[in-house]
Amino acid sequence: MITKKICIIGDFAVGKTSLINRFVDNHFSEEYLTTVGVKLDTKELVTSNGTDIKLVIWDIAGADELTTAKRSYIDGASGYILVYDLSRPKTLESAKQIHASVVEEIGSVPFVLVGNKNDLQITAPEPDADLVDKSCHQLKTSALTGEGVADTFQALAEAVVSG
Amino acid sequence: MKVMTNNNPPISDSVNDFIIERLNIAGFSFDNDHLLITADGNIEYYFPNPNTIASDTVASDLFPFLVGIDPLNEKEFPYIEMPNGVIVDAFIKPTSAGYDVVLIDMALQRDKHQQVQQIANVVSLQKDEISAENEAKSKFISTFSHELKTPLSSILGYSELLNEPDKTGINIAANANAIHRNGIYLLNLINNVLEQGRADIQQTTITTSPVKLSDMLDSVSYLVKPLADKKKINFSIHYGCPEDFVLVLDEQHLCQVLVNLITNSIKFSQEGFITIEVNYKDNELQFIVSDTGIGIPEDELSTIMQPFGRAKHTRHIEGAGIGLSLSNTLVKLMGGDLSIQSKLGEGTAVTVTVPTTNAVIASQLNGDAQMSINRQILVAEDDEDLVPLIAYYLEEAGYEVITAMSQDELKSELESNQPAVILMDHNFREANGIELTKELLDNGFSGKIIMLTASSGEAIIKQAMNAGCSDFISKPIDREKLHKILAKHLND
């Protein structure tokens, strides 16, 4: 079994913690509780080529950019999930800024671009082709219904393993 | 004053113990192979059964936050919530043998910080919501103004033409039709906006009454067929159930939904056909409005269901983007469902299903109800332009009309006539139509009183019905609706 660190990042209230809760515990809560600092979780997966992988998932508090303290959280990540809220267009702008900060901090590692809250009215535009091209996958998810959640983590695990 | 003697333990020992206890500090030393060498401090706080920690435990098994990082560089991770729920600040410091990991309990501080951050985030989200609402309102005003100006320009232009002293070469009927068509469009638009406003503040009331299916669809057809004819689009209604079924429905709102759906079909079709398929099964009435129009891309189906939502490829076509969203709201309020199937470039089918009661055949209701009917109508209205128009509508339908433009005239007419119906203006010159209704009924008037009102407020309609009115008609007066309501009450 290999163990890899991945991070989930994005603006506040885009549903990062909810995505992890859905993936790790298959649970969803309507209540919004902001994350401060970072919350760690672990989950084991098997990739399509049969590799057992344990993901150490860093749920990093949301912000429109990475502060100095948060940059330390990113250190050593093998990949990340970049989340925006499909019902709040400005969170896609934040995602672009956060992505730029991450690349500056740790260079290019695989990431999955996720538009979350697909159960709500979509008002965010389609992401720039440039950002989509850089991502290893682009998915629409709903932590509420579970749509696309497992696929997101699986896609990142595959990308991390294949290097 | 403190006295130090050689027998006292160093004060730093007590201070250290105190700090370790209060902050739950624990330190763990690892060698360069990441194996545990020693641990010290309040280890029990983090690992309730520290004896289970073997001396050669791998660092990342104890502390998952070490996965992926190089511990030989000094690091600090504030506010880490570990998988077991403990919240720490973690410090990693290189040593000559490897590195140390020092944990400090931060549960209390993190909780306080979280409370403050929670408020800040919620306020920020609310600010964004308000800003989005304001943006939507501005967009609405701009779209609505445009939508009002276009038909108004036509009405003003054509009515100016009709006022020309020399009418040679002017097609009067065509101009009058254009004015009428644009007037209907404006009325529909205003009704939709008002209805949406009422629905937004949960003031829409669903009022059901027995309705003959073909009568309802004839009214819808009367409004939309001229629009389809103008674009040479074939419009037809197909009944999958008897046309003269009588069902208990909210006719006003259901008509509004069907008119909205069909006018959308007309708007987004250049040729071909539009059909309404009507089915009834298991106490559910279903309408399928199909067209051969431009269609809607699948990824925009949810957008167009929102108020003012327009598909990108339709933005050059007139329309406020309110009809479909309002129709969806109204159908939901009626306890029904609205769904769309569409193919870009091929057409769209909107299915509306509403619950209703057991259908009965109309002819079985009033088999021999055609008796001698009093067809005298008294129009109590003070608008001198409106009175002749209403009188014209009534006379063409075979009613006998008497008019009263003041309270005195009304009382005088009632001394010599017994009208079957009084059409009572809500604001009747010096009197309040509702008060007047009560007074007439108290004084023994045995006919029916129908309120004419320019207000669309539910409250006024309720007051009128409570005062004893049998029905109400909204202004501007729709000829078909007027005929229909009178027929309904005179046949009762």
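Up top is the structure these notes are about.
A few points on the structure. (Residues numbered from 1 in each chain as written. Chains lettered and ligands numbered in written order. Predicted model: local features only at pLDDT ≥ 70, side-chain atom pairs only at ≥ 80, totals over all residues. Heavy atoms only, no water.)

## Observations regarding the overall build of chain A
Helix and strand counts for chain A come out as five helices and six strands. Counted from the first residue to the last, chain A has its helices and strands arranged as β-α-β-β-α-β-α-β-α-β-α. Looking at chain A as a whole, 50% of its 163 residues qualify as buried. Entry remark: accessible area of chain A is about 6600 Å², with carbon and sulfur atoms responsible for 47%. (Helix = DSSP H or I, 4+ residues; strand = E, 2+ residues; numbered from the N terminus. Buried < 20%, exposed > 50% of the residue type's maximum accessible area, 1.4 Å probe, protein only. Areas by Shrake-Rupley, 256 points an atom, 1.4 Å probe, with all protein chains shown as cover.)

## Examining the pattern of salt bridges
Taken as a whole, this structure holds 18 salt bridges over all chains when the rule is applied. The shortest N-O distance in the salt bridge between B:Lys75 and A:Asp75 comes to 2.8 Å. Taken together, the residues span two chains, with B:Lys75 in strand S3 (residues 75-81) and A:Asp75 in the loop between helix H2 (68-74) and strand S4 (79-85). By relative accessible area, which is 15% here, B:Lys75 ends up buried. The salt bridge involving A:Lys96 is made with A:Glu93; its shortest N-O contact spans 2.9 Å. Highlighted residues: A:Lys96 and A:Glu93, both in helix H3 (residues 90-106), separated by three residues, approximately one helical turn. Each member of the salt-bridge network shares a partner with another, and the members are A:Asp85, A:Arg88 and A:Lys117. (Salt bridge = Lys/Arg side-chain N within 4 Å of Asp/Glu carboxyl O.)

## What to know about unusual backbone geometry
Omega for the peptide link from B:Lys475 to B:Pro476 comes to 0°, which places this bond in the cis form. Within the secondary structure layout, B:Pro476 lies in the loop between strand S20 (471-474) and helix H14 (479-490). Here the phi dihedral of A:Ala13 falls at roughly 65°; this positive angle occurs in a residue that is not glycine. Mapped onto the elements of the fold, A:Ala13 is located in the loop between strand S1 (2-10) and helix H1 (16-25). Residue classification places A:Ala13 among the buried positions, given a relative accessible area of 12%. Positive phi is not limited to glycine here, since B:Asp282 has a value of about 45°.

## Some thoughts on the nonpolar core
Counting 53 residues, the largest nonpolar core has A:Trp58, B:Phe28, B:Phe63 and B:Phe65 as its most contacted members. When neighbours within four sequence positions are excluded, B:Phe65 is seen to be in contact with A:Leu40, A:Trp58, B:Phe77, B:Ile80, B:Met82, B:Ala90, B:Ile92, B:Val101 and B:Leu103. (Core = buried A, V, L, I, M, F, W, Y, C linked by side-chain atoms within 4.5 Å. Contact = heavy atoms within 4.5 Å.)

## Overview of the sheet that holds strand S15 (residues 400-404) of chain B
Residues and elements named next belong to chain B. With respect to topology, five strands assemble into an open sheet ordered S15-S14-S16-S19-S20, the strand pairing being parallel. Taken across any chain shown, the strands that pair with only one partner, and hence form the sheet edges, are S15 and S20. Ignoring which end each strand starts from, the neighbouring axes of this sheet average 20° apart. Of the strands in this sheet, strand S14 (376-380), S15, strand S16 (421-425) and strand S19 (448-453) touch helix H10 (residues 386-396), which is tilted by about 165° from S15. (Pairing = 2+ DSSP bridges. Axes fitted to C-alpha atoms, helices over the stretch in contact; angles between N-to-C directions.)

## Some points on the interface of chain B and chain A
Taken together, the contacts link 27 residues of chain B with 24 residues of chain A. Carbon and sulfur atoms supply 60% of the area that chain B and chain A bury against each other, a total of about 2200 Å² over both sides. Inspection of the chain B/chain A interface yields two salt bridges. Residue assignment for the side of chain B that touches chain A shows that the elements contributing at least two residues are S3 and helix H4 (107-162) of chain B. Element by element, the count of residues in the side of chain B that touches chain A is highest for H4(B), at 10 residues. When the residues that make up the side of chain B that touches chain A are grouped by side-chain class, the tally is 12 nonpolar, 10 polar and five charged. Where strand S2 (residues 38-46) of chain A and S3(B) come together, two bridges link them in parallel fashion. (Buried area = accessible area lost by both parts, 1.4 Å probe. Nonpolar A, V, L, I, M, F, W, Y, C, P; charged D, E, K, R; others polar.)

## Some details on the sheet that holds strand S9 (residues 273-281) of chain B
Residue and element names in this part refer to chain B. Judged by pairing direction, the sheet is mixed, and its five strands sit side by side in the order S7-S9-S10-S12-S11 without closing on themselves. Both outer strands of the open sheet, strand S7 (234-239) and strand S11 (337-343), are each paired with one neighbouring strand and no more. Direction aside, the axes of adjacent strands within the sheet are offset by 15° on average. Bridging between S9 and strand S10 (residues 284-291) involves eight bridges; their strand directions are antiparallel. Note that in S10 the partner of Glu-277 across the bridge is Ile-288.

## Section: the pairing of S19(B)
Residues and elements named next belong to chain B. Here S19 lies mainly inside the structure; five of its six residues are buried. Across five bridges, the pairing between S16 and S19 is parallel. Its bridge partner lying in S19, Val-421 is registered against Lys-448. Looking at chain direction, S19 and S20 are connected through four bridges and run parallel. The residue bridging Ile-450 from the neighbouring strand is Asp-471, located in S20.

## Thoughts on helix H7 (residues 251-267) of chain B
Compared with the 24 Å implied by 1.5 Å per residue over 17 residues, the 24 Å span of H7(B) between its first and last C-alpha is a close match. For H7(B), a buried count of 16 out of 17 residues is recorded, marking the element as mostly surrounded by other parts of the structure. (Expected span 1.5 Å × (residues − 1).)

## A few points about the packing of aromatic side chains
The relation between two aromatic rings is expressed through the spacing of the ring centres and the mutual angle of the planes. Within this structure, the stated rule accounts for 15 aromatic pairs over all chains. A ring pair is formed by A:Tyr73 and B:Phe77, whose centres lie 6.5 Å apart and whose planes are at 25°; its orientation type is stacked. Of this pair, A:Tyr73 sits in helix H2 while B:Phe77 sits in strand S3, on two different chains. Taking relative accessible area as the criterion, A:Tyr73 reaches 2% and is therefore assigned buried. On the accessibility criterion, B:Phe77 (0% relative accessible area) is buried. Relative to B:Phe63, the ring of B:Phe30 lies with its centre 6.3 Å away and its plane at 90°, an arrangement referred to as edge-to-face. (Phe/Tyr/Trp six-rings, centres within 6.5 Å; stacked < 30°, edge-to-face > 60°.)

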